Amino acid sequence: MRSPIEIKPDHSKIASRLADAGVLVAGGLGFFSLSAWRLGHWRLEAFGGAFVPMVPSAAILFILLSGALWLLRRREAKFGVRVFSLCAVGITILASAVVVAQHFTSLNLPWERWLSGANEFLGEIPVRRMAPVTAGAFLLTAGSLLVRLPLFEGRNRLRIAGAGAALLNGLFACLVLWGYAGDVPMFYGSGTTSMSVLTAVSFLGLNVSLLIASVSGFQLRRVSSSDAGLTLRKEEWRLLAVFAAAALGICLASIFYVRARQASLRATIVDELTAIADLKVGQITHWRKEWLGDARFLMRAPSTATTVAEWFAHPDSPALRADILNLLDRTKQESSEFKAVVLLDEQLTPRLAIPESAAESAPGLRGMLEEARQADDVIIGKLQVDERSDRVHLDLLVPVFSPDDRPTGHNPEPGRPQGRPIAAILLRIDPYEYLYPLVQHWPVPSKTAETLIVRREGDSILYLNELRHRSGTALKLRSSIREQWLLAARILRGETGIQEGVDYRGVPVLGVGLPIPNSSWFMVAKVDQAEIYTPLLRQAWTTAVIVTVLLCSFTLGVGLFWWRKTAEFLREGLADKQEIERL
C-alpha cells in the first residue's frame, strides 16, 4: 500500500532561472548593440562585417521588453510596473508597424538614422534599418507580453494564443540560428536585411521567458510520496535527457550536412573562379606579348632607323616622306591592335601620323623616352583617358636610335644606354577592341560574376576597365587600399588564395586575384555570395523543414509518453486514496 498522497503544485526553480536568464540575455545584448552603434563600432556585433548587426531600434525594443518582463515577474501588482509594461508594448507595436509600413510603401522616416548616428550599407541594404521579418517577430513578442498583463487576467484563450506566439517566435529564432550555424543565413540574398545573429539570440531568450511565464499559470499537479514521487522524477529527468540528446543529435547532423554541402559547392566555385582567372591572365599575357613583339620588331628593323634618319636629314623630300608614311601605315596594318601610329622627333613633337587626327603628343612621353633610352627597349605606358574623346587608350613608345646605334632589345647594363634616340614612334592601342571585351566576358552563365583589372596607385585602388554592374568606371572609379573588407584591397595588400569580402558596390562576394606578369595589373575574378548560396539556401530550407518535422514528431511522441505515464501514475494514486478512504 502506498503512503498518503499529497497533491501540490510543482514550482520549478530551473524553469524560473531559465526565464530570468532569457530576459537578461535579451536585455544585455540590446544594451551591448546600442552601445556599439553609439561608439561607431557596429562591425563588432556583426562579427567583423561578415553578417548584418542588430539595428539600434531593435536594441532599444529589446531593452524595453526585457525590462518590462523582468519587472512583471517580480512586481506585477505595482501600478507603475503595469504602466511601464504597457508603454513598452505600445512603443514596440508602433515601431514595428512603422517598419512594416516603410517596407511596403515609399515612407522613409529618419528615426533609425538618428539612433544609429551612421549611414552604413552592406551592399545596397542599409544595415541600420530593421528588417520586416524582425518587425513581425517584435509584433508577436509584444502581443505575447501584452496578454500577460493583469489587464487580460482570466482570458485564457488570449493567454494560450500569447503562449503560441511565443513558441512560434522561439522556433523561428532557432531556425535563424540554425541557418547561421550552417553558414547559410536565412533570407540571404533576398534583397532585404536578414535577422542578425544577436537579434535571433535575443528573441530566443525573450520568448523562452515568455513561454515559461505563460505555462506557469497552469498549475501542474503531481502525486508525491516518499519513493513513488522520486521514481517519477527520475523518469522525467531521463526522458528529458533522452529528448535533449535526440534533438541535439538531429540539429547537429543537419548542420554538418549543410556545412558539407556548402564546402562542396564552395570548392566547385573556387575551382571555377581560379580557372577563369588563370585563363584570362594567360590571354592578356599572350595579347601583350603579341603587340610587344611587333613593337620590338619595328625597333630592331634596320630600315626603320635608316628611313627615319634620312627623312629627318631631308624633310622636304616627297619620296622620303612617302617612305615614312608607308612605314607607319604598314605598321598599323600589320597589327590589328595599333589604332594610331605617330612619328615623334627628339623633342617629342609629332611629325607624321596615321591617321592624321592622331598627330598629337601625350602626357608622360618625356619620361617614357628617357626610360626607353635607359632600358634600350620598347616602353609600355599606362592606360589613360583621352581628354577630348573621354576614351581610354594604352601607349607604347618605340625608341628610334641612330643607324649606327641599333638596339638589341635588351640592355645588359640598363644604367649605360647604347645611344641616344633620334626619334620615337608612338603606338596607340584601343583597349575597347580586345582587352575590355576579354575582361568583361564570363565564359559560363552567371547573373553577377565578373572579372576586372585593378592597379595600386599609392593608397588608392584604380579600376582599369568598365565594370559589369556600373558604367563609366574605367580609370575613374577609385577605392581606398585601407578598406578592410574590400576584395580588391585585400588582393592588392598581398592576401593570397580565395577571398571573401565586398566589391565596389559593397555587396558580399567570393573572389580570387592573380597578378598579370610584367605589369602592375591584377586580375580579380569574383561572384556574389548570394548567387553562390542560392541553391544551397533552397537545400537549407528543405533540410530545416525536415528537421522541424522530425523534432515536432519526436516532441509529440515524448509528450504522449509523458502524459501516459503521468495518467497511469495518477490513476494508481487515486486508487490508493480511495482504498484508504474505505478503510
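Since we're looking at a predicted model, the values are computed, not measured.

Undergrad: Account for the overall build of the protein chain, naming residues and giving values.
TA: Looking only at helices and strands, one finds 14 helices and 16 strands in the protein chain. Per-residue burial for the protein chain yields a buried fraction of 45% across its 583 residues. Of all intrachain contacts in the protein chain linking residues separated by at least 6 positions in sequence, the fraction that spans at least 24 positions is 65%. Taken as a whole, the protein chain presents about 29400 Å² of accessible surface, with 60% of it coming from carbon and sulfur.

Undergrad: Report on the packing of aromatic side chains, specifying residues and quantitative values.
TA: The description of an aromatic ring pair rests on the distance of the ring centres and on the angle between the ring planes. This model, assessed by the stated rule, comprises eight aromatic pairs. Judged by centre distance (5.9 Å) and plane angle (25 degrees), the rings of W287 and Y434 are stacked. Of this pair, W287 sits in helix α8 (residues 228-300) while Y434 sits in the loop between β10 (421-429) and α12 (435-440), placing them 147 residues apart in sequence. On the basis of relative accessible area, Y434 is assigned to the partly exposed category, the value being 31%. Taking 5.0 Å as the distance between ring centres and 85 degrees as the angle between the ring planes, the aromatic pair formed by Y432 and Y436 counts as edge-to-face.

Undergrad: Would you mind going over the pattern of salt bridges in detail, with residue names and values included?
TA: Taken as a whole, this structure holds 17 salt bridges when the rule is applied. Among the ionic pairs, R478 bridges to E457, the shortest N-O distance being 3.0 Å. One end of the pair, R478, is in strand β13 (residues 478-480); the other, E457, is in strand β11 (residues 450-457), and 21 residues separate them in sequence. One salt-bridge network, held together by shared partners, links E450, D503, R505, K526 and D528.

Undergrad: I'd like to hear about the sheet that holds β13, residue by residue, with values.
TA: Pairing is antiparallel in the open sheet, where six strands are placed in the order β13-β12-β11-β16-β15-β14. Every other strand in the sheet has two partners, leaving β13 and β14 (499-502) as the edge strands with one partner each. Going across the sheet, the axis of each strand differs from the next one's by a mean of 40 degrees, ignoring polarity. One ladder, built from three bridges, connects strand β12 (residues 460-463) with β13; its direction is antiparallel. Note on β13: the bridge partner recorded for S460 is S480.

Undergrad: Now, about the nonpolar core: what can you tell me, with residues and values included?
TA: One finds I284, I425, I453 and W521 to be the most contacted residues of the largest nonpolar core, which totals 57 residues. In terms of residues, this core owes the most to one element, α8, which gives 13 residues. Beyond its immediate stretch of four places on either side in the chain, W521 contacts I284, W287, R288, L383, L435, I453, V454, R455, L464, P515 and I516. Among the nonpolar cores identified, the runner-up in size contains 39 residues, and A68, A137, A142 and L145 belong to it.

Undergrad: How would you summarise the packing of helix α2 (residues 56-75) against helix α3 (residues 79-104) if you had to cite specific residues and measurements?
TA: One can describe the packing of α2 onto α3 by two numbers: an axis separation of 9 Å at closest approach and a directional angle of 150 degrees. By the criterion of interaxial angle, the relationship of α2 to α3 is roughly antiparallel. Between α2 and α3 lies a crossing whose hand is left-handed. On α3, the residues touching L61, L64, L65, G67, A68, L71, L72 and R75 of α2 are V81, F84, S85, A88, I91, T92, A95 and S96. A class-by-class count of the residues in the contact of α2 with α3 yields eleven nonpolar, four polar and one charged.

Undergrad: Please give an account of α2 that cites residues and values.
TA: Over its 20 residues, α2 extends 28 Å from the first C-alpha to the last, a length consistent with the 28 Å expected when each residue adds 1.5 Å. Taken together, the buried positions of α2 are occupied by P56, S57, A58, A59, L61, F62, L64, L65, S66, A68, L69 and L72.

Undergrad: Provide a residue-level description of the pairing of β14, including the pertinent values.
TA: Strand direction decides the pairing type here: β14 and strand β15 (residues 508-515), joined by four bridges, are antiparallel. If you follow Q499 over to β15, its bridge partner there is G511. Counting the residues between successive antiparallel strands, the hairpin from β14 to β15 contains five residues, one of them, G506, with a positive phi of roughly 85 degrees.

Undergrad: Go over the side chain of R505, please, and point to the residues and values.
TA: Here R505 shows up in the loop between β14 and β15. A polar atom in the side chain of R505 sits 2.6 Å from the side chain of D528.

Undergrad: Explain the pairing of β12 to me, and be specific about the residues and the numbers.
TA: Sheet analysis places β11 next to β12, joined by four bridges and oriented antiparallel. Paired with R456 across the strands is I461, a residue of β12.

Undergrad: Run through unusual backbone geometry, naming residues and quoting values.
TA: Residue P355 is reached from I354 by a cis peptide bond, and omega for that bond is -5 degrees. Inspection of the secondary structure puts P355 in the loop between β6 (350-354) and α11 (365-375). Residues other than glycine seldom take positive phi values, yet L475 does so here, at roughly 60 degrees. Note on placement: L475 falls in the loop between β12 and β13.

Undergrad: Explain the environment of F172 to me, using residue names and the numbers behind them.
TA: With respect to the secondary-structure elements, F172 resides in helix α6 (residues 156-181). Owing to a relative accessible area of 22%, F172 belongs among the partly exposed residues under this scheme. Sequence separation of F172 and A200 is 28 residues, and the distance between their C-alpha atoms is 8.3 Å.

Undergrad: Break down a nonpolar patch on the surface for me, citing the residues and quoting the values.
TA: Taken together, the side chains of L248, L252 and F256 present a nonpolar region at the surface, about 310 Å² in accessible area. Relative to the assigned elements, L252 resides in helix α8.

Undergrad: An account of the environment of M130 is needed here, citing residue identities and associated values.
TA: Within the secondary structure, M130 is located in the loop between β3 (125-126) and α5 (132-146). When the C-alpha positions of M130 and S96 are compared, they lie 8.7 Å apart, and in sequence the two are 34 residues distant.

Undergrad: Describe the confidence of the model for the protein chain, naming the residues involved and giving the relevant values.
TA: On average, the protein chain scores 78 in pLDDT, and the residues at 70 or more come to 80%. Mean pLDDT values for the elements of the protein chain range from 39 in strand β4 (residues 221-224) up to 94 in strand β16 (residues 522-528). Note on residues 1-11: pLDDT under 50 across the span, and 30 contacts to partners over four residues away in sequence or across chains. Segment residues 412-417: pLDDT under 50, and five contacts once partners within four positions in sequence are set aside and those in other chains are kept.

The rules behind each value
- Residue numbers restart at each chain and count upward from 1, following the sequence in its written direction.
- It should be noted that, the model being predicted, local features are given only for residues of pLDDT at least 70 and side-chain atom pairs only at 80 or more, the latter also being counted only at that level, while totals for whole chains, interfaces and linings use all residues.
- In computing side-chain values, all of the structure's heavy atoms are included and hydrogens and water are not.
- Helix and strand labels come from DSSP, where a helix needs a run of H or I of at least four residues and a strand needs a run of E of at least two; each type is numbered from the N terminus.
- When accessible area is computed with a 1.4 Å probe and restricted to protein chains, residues below 20% of their type maximum are described as buried, those above 50% as exposed, and intermediate ones as partly exposed.
- Whether two residues touch is decided by their heavy atoms; if any such pair falls within 4.5 Å, the residues are in contact.
- Every accessible area reported is derived by Shrake-Rupley at a probe size of 1.4 Å, with residue values counting cover from the shown protein chains alone.
- Any two rings among Phe, Tyr and Trp, with Trp reduced to its six-membered ring, count as a pair given centres within 6.5 Å; such a pair is stacked if its planes are under 30 degrees apart, edge-to-face if over 60, and tilted if neither.
- A carboxyl oxygen of Asp or Glu within 4 Å of a side-chain nitrogen of Lys or Arg is what we treat as a salt bridge.
- Between any two strands, pairing holds if DSSP finds at least two bridges.
- Note on geometry: axes are C-alpha line fits, over the in-contact stretch for helices, and angles between N-to-C directions span 0 to 180 degrees.
- Residues enter a nonpolar core if they are buried and are Ala, Val, Leu, Ile, Met, Phe, Trp, Tyr or Cys, with the set joined through side-chain atoms within 4.5 Å.
- Roughly parallel covers angles under 35 degrees, roughly antiparallel covers those over 145, roughly perpendicular covers 65 to 115, and oblique covers all other angles.
- Working rule for handedness: look at the near helix, and if it is turned counterclockwise from the far one by less than a right angle, call the crossing left-handed; if clockwise, right-handed.
- Gly is placed with the polar residues, together with every amino acid not listed as nonpolar (Ala, Val, Leu, Ile, Met, Phe, Trp, Tyr, Cys and Pro) or charged (Asp, Glu, Lys and Arg).
- Helix span, expected: 1.5 Å multiplied by one less than the number of residues in the helix.
- In protein, a polar contact means a hydrogen-donor-capable atom and an acceptor-capable atom, both N or O and within 3.5 Å, with residues adjacent in sequence counting only if both atoms are side-chain atoms; elsewhere, any N or O pair within 3.5 Å suffices.
- A residue counts toward a patch only above 30% relative accessible area and without a salt bridge, and it is joined to like-charged neighbours within 9 Å or, for Val, Leu, Ile, Met, Phe, Trp and Tyr, to nonpolar neighbours within 5 Å.
- Values of pLDDT, ranging from 0 to 100, describe the predictor's confidence in every residue of the model.

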